[in-house]
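# Report on the structure
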Amino acid sequence: TTITSNHWIMAWAGLEINTLSILPLISKSHHPRAIEAATKYFLTQATASALVLFSSMTNAWHTGQWDITQMTHPTSCLILTSAIAMKLGMVPFHFWFPEVLQGSPLTTGLLLSTIMKLPPITLLFMTHHSLNPTLLTCMAIMSAALGGWMGLNQTQVRKVLAFSSISHLGWMTIILSFNPKLTLLNFYLYTLMTLSIFLTLNTIKVLKLSTLITSWTKAPSLNAMLLLTLLSLAGLPPLTGFLPKWLIIQELTKQNMAPMATMISLFSLLGLYFYLRLAYCATITLPPHTTNHMKQWHSHKPASTLI
């Protein structure tokens, strides 16, 4: 509804349906952590949707226009930018996203990281000409920096992927005012790579680094592919993930924003460190101590038959 609508009320209704549809998937395990995640997600998204409605009403009050592409009132644009940043989980409204992702199953986490971000990004795409470029650039650089810094310290794979998502949102937002098609390209490639990582982790049943260390015994070839996908998500040059970063840096340089391009590139190196650590744990190392996780070659026969 949100993607195809031209009227703000329809876009708001689509965002609300979006929020309500994912809540049962987050809370279906009935674990206290899942209920907490669902509550945090609902409160944040409801607040952001209310701000979207408030900004569109303020704009309609001053201009008489309910058309999404006719957002011209400066205060309305500022409130809308904040609302969409809250919906996406960008800095400084990022606090909910790692917690919600950590409390959700991997398949739900995949939906939260990819498909659930499509409507807000579409709204950004449709209103990019009226948003404040300085505000977007500041939020983008802060997102890239904080996504890199906070991801360094994590042992939970879902939280690492949450901070990775925040960092990638920074790359998408910084180029939005200058070349919005690059934002969509970045989002599509990010969705593709995140899809493969989440599905791989779901297949080998990995939720934290200590489990990832022994996962090579279950599916060695899948782990090798996980290594390449992680490095692609990090944006290393021979791999697909480098393409949007290269194009974004090129476009920023053309717009005489070389210092911003340098800053966001340096902050992406922080992300590269934790991706490398994940890749290293997935494919190279063995645990230095005994582990309780079942190895693939352990016999499943009863003890009486082994005597």
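Below: a short report on this structure. Here the structure is a predicted model, which is why all the values come from computation and not from measurement.

Our focus in this paragraph is the packing of aromatic side chains. Overall, the coordinates contain 5 aromatic pairs when judged by the stated rule. A ring pair is formed by Phe-242 and Trp-246, whose centres lie 6.0 Å apart and whose planes are at 15°; its orientation type is stacked. Note that Phe-242 and Trp-246 are positioned in helix α12 (residues 242–254) at a spacing of 4 residues, about one turn of the helix. When its relative accessible area of 25% is taken as the criterion, Phe-242 is described as partly exposed.

Attention shifts here to the environment of Ala-224. As for its placement among the helices and strands, Ala-224 is situated in helix α11 (residues 220–234). Using a relative accessible area of 36% as the deciding quantity, one classes Ala-224 as partly exposed. Distance from Ala-224 to Pro-74, taken between C-alpha atoms, is 50 Å for residues 150 residues apart in sequence.

Let's shift gears to a nonpolar patch on the surface. Side chains of Leu-20, Phe-42 and Leu-43 sit close together on the surface and give an oily, nonpolar patch of about 290 Å² of accessible area. Note on placement: Leu-43 falls in helix α2 (residues 32–63).

Attention now moves to the environment of Ser-196. Residue placement: Ser-196 occurs in helix α9 (residues 180–203). You can call Ser-196 partly exposed: its relative accessible area is 27%. C-alpha of Ser-196 to C-alpha of Gln-102: the two residues are 94 residues apart in sequence and 18 Å apart in space.

A word on helix α5 (residues 106–113). Residues that lie three or four places apart on an α-helix share one face, since the helix turns once every 3.6 residues. When you tally the buried positions in α5, you get 6 out of 8 residues, the bulk of the element. For α5, the set of buried residues is Leu-106, Thr-108, Gly-109, Leu-110, Leu-112 and Ser-113. Those residues of α5 that are buried lie in contact with α1 (8–27), α2, α4 (96–102), α8 (157–174) and α9.

This paragraph deals with unusual backbone geometry. Excluding glycine, most residues fall at negative phi; most peptide bonds, likewise, are trans. Following Val-91, the chain continues into Pro-92 via a peptide bond in cis, with omega recorded as 5°. With respect to the helices and strands, Pro-92 occurs in the loop between α3 (74–88) and α4. Although it is not a glycine, His-30 adopts a positive phi angle of roughly 60°. By the element assignment, His-30 lies in the loop between α1 and α2. Positive phi outside glycine occurs at Asn-256, with the angle close to 60°. Residue placement: Asn-256 occurs in the loop between α12 and α13 (258–283). For Asn-256, a relative accessible area of 70% puts it in the exposed group.

Reading the values: the criteria
- Residues numbered from 1 in each chain as written.
- Predicted model: local features only at pLDDT ≥ 70, side-chain atom pairs only at ≥ 80, totals over all residues.
- Heavy atoms only, no water.
- Phe/Tyr/Trp six-rings, centres within 6.5 Å; stacked < 30°, edge-to-face > 60°.
- Helix = DSSP H or I, 4+ residues; strand = E, 2+ residues; numbered from the N terminus.
- Buried < 20%, exposed > 50% of the residue type's maximum accessible area, 1.4 Å probe, protein only.
- Patch = residues over 30% accessible without salt bridge, like charges linked within 9 Å, V, L, I, M, F, W, Y side chains within 5 Å.
- Areas by Shrake-Rupley, 256 points an atom, 1.4 Å probe, with all protein chains shown as cover.
- Salt bridge = Lys/Arg side-chain N within 4 Å of Asp/Glu carboxyl O.
- Contact = heavy atoms within 4.5 Å.

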